[in-house]
Amino acid sequence: MPQVLASLSAQDALVAVMVAVSVSDERIRTAELVAIERIVNHMPVFAAYDIDRIPRVAKTVYALFEEEDGLDALFGLVRDALSERLHETAYALACDVAAADGTIREGELRLLEEIRHELNIDRLHAAAIEWGARVRHLSL
């Protein structure tokens, strides 16, 4: 697999989670891509991140999604790269991307549930994070 990353930095892992949510319903929407770009450009956690890595991280996610146990492999890479204190950050960013287009689809809901489980996000904390993402992305 050329261009596929064997390991991820913490920032790569956060990007990978956002990309995974975006592609989880098999269609990448413009609003989701804009949300990822906005998040990477403005969030302090990405202050020193090389944005030229995003395409390689995305290709890694795409390649893993095509493998039978790719989702498990992706979560392994993400857990290896992220300290526990960034698990809720990863979930919050995933929720923001899922909510960016105003509709959270079934595939996105399933992946968010899997992220909660894999990153051991407390259900009450997850509900607060989800509510925050929903209200940030409401439209008139």
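For the structure itself, look to the data block above.
Residues numbered from 1 in each chain as written. Predicted model: local features only at pLDDT ≥ 70, side-chain atom pairs only at ≥ 80, totals over all residues. Heavy atoms only, no water.

Caption draft 1: Focus on the overall build of the protein. A tally of helices and strands in the protein yields 7 helices and 0 strands. Each helix and strand of the protein, ordered N terminal to C terminal, gives the series α-α-α-α-α-α-α. Taken over the C-alpha trace, the protein has a radius of gyration of 14 Å; the compact-globule value for 140 residues is 14 Å, and the two agree within 12%. Once the C-alpha set of the protein is aligned to its principal axes, its extents read approximately 45 × 30 × 25 Å. Within the protein, buried positions represent 46% of all 140 residues. Taking contacts inside the protein between residues at least 6 apart in sequence as the whole, the part at least 24 apart equals 77%. Of the roughly 7900 Å² that the protein leaves accessible, carbon and sulfur atoms contribute 52%. In the protein, 14 positive and 24 negative side-chain charges are present, and the distance between their average locations comes to 5 Å. (Helix = DSSP H or I, 4+ residues; strand = E, 2+ residues; numbered from the N terminus. Rg over C-alpha atoms; globule rule 2.2 N^0.38 Å. Buried < 20%, exposed > 50% of the residue type's maximum accessible area, 1.4 Å probe, protein only. Contact = heavy atoms within 4.5 Å. Areas by Shrake-Rupley, 256 points an atom, 1.4 Å probe, with all protein chains shown as cover. Lys, Arg positive; Asp, Glu negative; His and termini not counted. Charge placed at Lys NZ, Arg CZ, Asp CG, Glu CD.)

Caption draft 2: Fine view of helix α7 (residues 123-136). Across its 14 residues, α7 extends 20 Å between first and last C-alpha, which sits within 8% of the 20 Å expected from 1.5 Å per residue. All of the buried residues in α7 are A126, I129, G132 and A133. The buried residues of α7 occupy an angular sector of 125 degrees when the element is viewed end-on, so they sit on one face. Every exposed residue of α7 that faces more than 90 degrees away from the buried side is listed here: L124 and W131. Looking at where α7 begins, the residue whose side-chain oxygen comes 2.9 Å from the main-chain nitrogen of L124 is D122. (Expected span 1.5 Å × (residues − 1). Arc of directions from axis to C-beta. Polar contact = N/O pair within 3.5 Å; in protein donor to acceptor, adjacent residues only side chain to side chain.)

Caption draft 3: Representation of the packing of aromatic side chains in the model. Under the counting rule described, the total for this entry stands at 1 aromatic pair. Aromatic side chains F46 and Y49 sit 5.7 Å apart centroid to centroid with 65 degrees between the ring planes, which places their arrangement in the edge-to-face category. For Y49, a relative accessible area of 11% translates into the label buried. (Phe/Tyr/Trp six-rings, centres within 6.5 Å; stacked < 30°, edge-to-face > 60°.)

Caption draft 4: Highlighting a negative patch on the surface. Where like charges cluster on the molecular surface, the negative patch consists of E66, E67, E68, D69 and D72. Topologically, D72 is positioned in helix α4 (residues 70-81). Here D72 falls in the partly exposed class, since its relative accessible area comes to 49%. (Patch = residues over 30% accessible without salt bridge, like charges linked within 9 Å, V, L, I, M, F, W, Y side chains within 5 Å. Salt bridge = Lys/Arg side-chain N within 4 Å of Asp/Glu carboxyl O.)

Caption draft 5: Inspection of the packing of α4 against helix α6 (residues 106-118) at higher detail. Interhelical geometry of α4 versus α6 gives an angle of 45 degrees and a closest axis separation of 11 Å. As far as their axial angle goes, α6 and α4 are oblique. For α4 against α6, the interelement crossing comes out right-handed. Together, L71, F75 and R79 of α4 and L111, E114, I115 and E118 of α6 make up the contact between the two elements. Counted by class, the contact of α4 with α6 contains 4 nonpolar, no polar and 3 charged residues. (Axes fitted to C-alpha atoms, helices over the stretch in contact; angles between N-to-C directions. Parallel < 35°, antiparallel > 145°, perpendicular 65-115°, else oblique. Left-handed = near helix turned anticlockwise from the far one by under 90°. Nonpolar A, V, L, I, M, F, W, Y, C, P; charged D, E, K, R; others polar.)

Caption draft 6: A look at helix α1 (residues 10-23). Compared with an ideal rise of 1.5 Å per residue, which puts 14 residues at 20 Å, α1 spans 20 Å between its outermost C-alpha atoms and is within 8% of the ideal. Summarising burial for α1: 12 of the 14 residues are buried, a large majority. Among the residues of α1, those classed as buried are D12, A13, L14, V15, A16, V17, M18, V19, A20, V21, S22 and V23. Looking at the buried positions of α1, the neighbouring elements they touch are α2 (30-42), α3 (54-65), α4, α5 (87-99) and α6.

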